[in-house]
Amino acid sequence: MAGEVPNLEASKLTALVVDDNFVNQSVHHKLLDRLGIKNDVVSNGQEAVDVHCSGRNYDLILMDMDMPIMNGIQATRRLREMGIESKIAGVTTRAEEEEVKEFMEAGLNDFQEKPLTISKLVSILHNLEFYVQT
């Protein structure tokens, strides 16, 4: 099985998981770890904005849509207004066409429905040109 999963540790990619659900935080964190991607976890969009205000930057942000304090759409829009160029992938259970459209227009680079799996995460990395199979 280990041969099927790319190891991106040498790429030194970093990611931020933004999700208010502990189970999702844990799953996304472990999936990224499994690929060798260093990652941090925050619980809402405001915390994602605050982390970036403190000077931290990430290559990839996995952004939930429905969160308290600041939702994923608001956070994505705010990060783009701040000039944050990280690739942002929306990851949510709510996939109604209008909501996905609004989320994408806020500044997403990609979108996947939950539950996030290793294959969906690798798909995000391919779509955002982070992972090129050698």
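For clarity, every value in this text was computed on a predicted model and none was experimentally measured. (Residues numbered from 1 in each chain as written. Predicted model: local features only at pLDDT ≥ 70, side-chain atom pairs only at ≥ 80, totals over all residues. Heavy atoms only, no water.)

## Brief notes about the UniProt feature "modified residue: 4-aspartylphosphate" (unreviewed entry) in the protein chain
Okay, step 1: As annotated in UniProt, the feature "modified residue: 4-aspartylphosphate" (unreviewed entry) corresponds to Asp64 in the numbering used here.
Okay, step 2: Secondary-structure assignment places aspartate 64 in the loop between strand E3 (60-63) and helix H3 (72-81).
Okay, step 3: Setting aside its immediate chain neighbours within four residues, aspartate 64 contacts Val18, Asp19, Asp20, Gly72, Val91, Thr92, Phe103 and Lys114. (UniProt positions renumbered as here; feature names shortened; annotations may be inferred. Helix = DSSP H or I, 4+ residues; strand = E, 2+ residues; numbered from the N terminus. Contact = heavy atoms within 4.5 Å.)

## Considerations on a nonpolar patch on the surface
Okay, step 1: A cluster of nonpolar residues, Phe22, Val23 and Val27, forms a patch on the protein surface that exposes about 310 Å² of accessible area.
Okay, step 2: Here phenylalanine 22 lies in helix H1 (residues 22-34).
Okay, step 3: Look at phenylalanine 22 and you get exposed, because its relative accessible area is 65%. (Patch = residues over 30% accessible without salt bridge, like charges linked within 9 Å, V, L, I, M, F, W, Y side chains within 5 Å. Areas by Shrake-Rupley, 256 points an atom, 1.4 Å probe, with all protein chains shown as cover. Salt bridge = Lys/Arg side-chain N within 4 Å of Asp/Glu carboxyl O. Buried < 20%, exposed > 50% of the residue type's maximum accessible area, 1.4 Å probe, protein only.)

## What to know about the environment of isoleucine 73
Okay, step 1: Tracing the chain through its elements places isoleucine 73 in helix H3.
Okay, step 2: By relative accessible area, which is 7% here, isoleucine 73 ends up buried.
Okay, step 3: In the structure, isoleucine 73 is positioned 34 residues away from glycine 107 in sequence and 8.4 Å away in space, judged by C-alpha atoms.

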